[in-house]
Amino acid sequence: MTQTDDFGFGTQIRKSPYFDATVRWGAKGFSVYNHMYIPRDFGDPEQNFWNLVNEAILCDVAVERQVEITGPNAAKFTQMLTCRDLSKMAVGQCKYILIINADGGILNDPILLRLAENHFWISLADSDILLWAKGVAINSGLDVTISEPDVSPLQLQGPKSGEILKALFGDDIMDLRYYWLREVELKGIPLIVSRTGWSSELGYEIYLRDGSKGDLLWETIMAAGLEFGLKPGHTSSIRRIEGGMLSYHADADMSTNPFELGFDRLVNLDMEADFIGKAALQRIKDEGLSRKQIGLIIDGAPLTCPNTTFWEINLDGTPIGKVTSAIYSPRLEQNIALAMVSVEHANIGAQVEVVTRSGPFPAMICERPFYDPKKQIAAA
């Protein structure tokens, strides 16, 4: 038997149904997210950004694992997990939610999809919410089943994504509203399509419901997108920081509460339903914040890559916070960053110092998002 070259760290890190296709289409580097490989390098990240904002990119985001919640008490149980009021969430709707622990800390910031009255998917950021949900269910007294289904999303993002989707599914798919979903088929492949994504651009997520069809689905979409300039790509750190979108473990973790991020709209303390962390969030709101997320514009030469450590922020030589995500935006021609600082120093226009690997640089506190603050592009 001939041994061929293989990529990987062993069987403990899972490969997505699109893994081989992404390698064929030029993926050169991978990261690990939810115990799976995610393509993070298709060449020049700046070109990937321009492909996204000018045409469209297709991204393997099967790492967005689904926590499936079913059973007679599925709706009540799902509400227990999040501080956002779900009482008016319709079948076919999606919502951005926060999953909160008993101390009011954020465990995950996923998209919630409601497929049926008692059928939900939590489309995860990078943390083990399947285990959390199973643990909560054991002592909840509720009749629910928690599982990870055979579901693997792709992201089709960019201004041409709608035209590509229409080429695949016909004109009717263009009726799909922002943060809604639809069950469809393509060449007999069962799918869910939602108008969501991690790019701040017009975009869609295509949820494959049969992992054996991953290669076929990838190639079918790429073929349909050829005339529209579709490129294989990866989620863009440049665009998501421009849009002020969170990266879990970087910009938030279980020591971060929603109010620090300005997510008051996602916390509904007045609703009748109870949820994990409700008392803690009420206490935090009553006592007030000690720190707050802000935007930064950092002077100096263009950053050549995202920060890989939390950079200290100083004011008059005193540490006041940390940079959580930083990047150079070629569109804005600025180094931009998301940061967490002491609330008394979170003043727009204030001058501070950021200590990078290349040394200290002046920076200015600013509003975020840095681009399209009302999300008009994605919601149009």
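Preceding block: the structure.
Presented here is a report on the structure given in the accompanying data block. (Residues numbered from 1 in each chain as written. Predicted model: local features only at pLDDT ≥ 70, side-chain atom pairs only at ≥ 80, totals over all residues. Heavy atoms only, no water.)

1. Looking at the overall build of the chain
Along the backbone of the chain there are 9 helices and 21 strands. For a compact globule of 380 residues, the expected C-alpha radius of gyration is about 21 Å, and the chain comes in at 21 Å, within 12% of that figure. Taken over the C-alpha atoms alone, the chain extends approximately 65 × 50 × 50 Å along its principal axes. Across the 380 residues of the chain, 54% fall into the buried class. Taking contacts inside the chain between residues at least 6 apart in sequence as the whole, the part at least 24 apart equals 66%. If you sum the accessible surface of the chain, you get close to 16,900 Å²; carbon and sulfur atoms cover 50% of it. For the chain, the centre of its 35 positive side-chain charges and the centre of its 49 negative side-chain charges are spaced 3 Å apart. (Helix = DSSP H or I, 4+ residues; strand = E, 2+ residues; numbered from the N terminus. Rg over C-alpha atoms; globule rule 2.2 N^0.38 Å. Buried < 20%, exposed > 50% of the residue type's maximum accessible area, 1.4 Å probe, protein only. Contact = heavy atoms within 4.5 Å. Areas by Shrake-Rupley, 256 points an atom, 1.4 Å probe, with all protein chains shown as cover. Lys, Arg positive; Asp, Glu negative; His and termini not counted. Charge placed at Lys NZ, Arg CZ, Asp CG, Glu CD.)

2. Details of the nonpolar core
Membership of the largest hydrophobic core comes to 32 residues, with the highest contact counts inside it found for Phe169, Leu191, Leu217 and Ile221. Top element by residues in this core is helix H6 (residues 214–225). It accounts for 5 residues. Beyond its immediate stretch of four places on either side in the chain, Leu191 contacts Phe169, Arg182, Glu183, Val184, Leu186, Ile206, Tyr207, Leu208, Arg209 and Leu217. (Core = buried A, V, L, I, M, F, W, Y, C linked by side-chain atoms within 4.5 Å.)

3. So, the pattern of salt bridges
For the structure on display, the rule yields 13 salt bridges. A salt bridge links Arg331 to Glu242; the nearest nitrogen and oxygen atoms lie 2.6 Å apart. Of this pair, Arg331 sits in the loop between strand E18 (318–329) and strand E19 (334–342) while Glu242 sits in helix H7 (residues 237–242); the two residues are 89 residues apart in sequence, bridging distant segments of the chain. Classification of Arg331 as partly exposed rests on a relative accessible area of 23%. By relative accessible area, Glu242 is classed as buried at 0%. Taken together, the shared-partner salt bridges connect Glu201, Arg239, Glu242 and Arg331 into one network. (Salt bridge = Lys/Arg side-chain N within 4 Å of Asp/Glu carboxyl O.)

4. Details of unusual backbone geometry
One can expect most non-glycine residues to show negative phi and most peptide bonds to be in trans. Look at the link from Arg368 to Pro369: it is a cis peptide, with omega at 10°. Along the chain, Pro369 turns up in the loop between strand E21 (359–366) and helix H9 (376–379). The backbone phi angle of His249 is positive, close to 85°, even though this residue is not glycine. Mapped onto the secondary structure, His249 falls in the loop between H7 and helix H8 (278–287). Its relative accessible area of 43% is what places His249 among the partly exposed residues.

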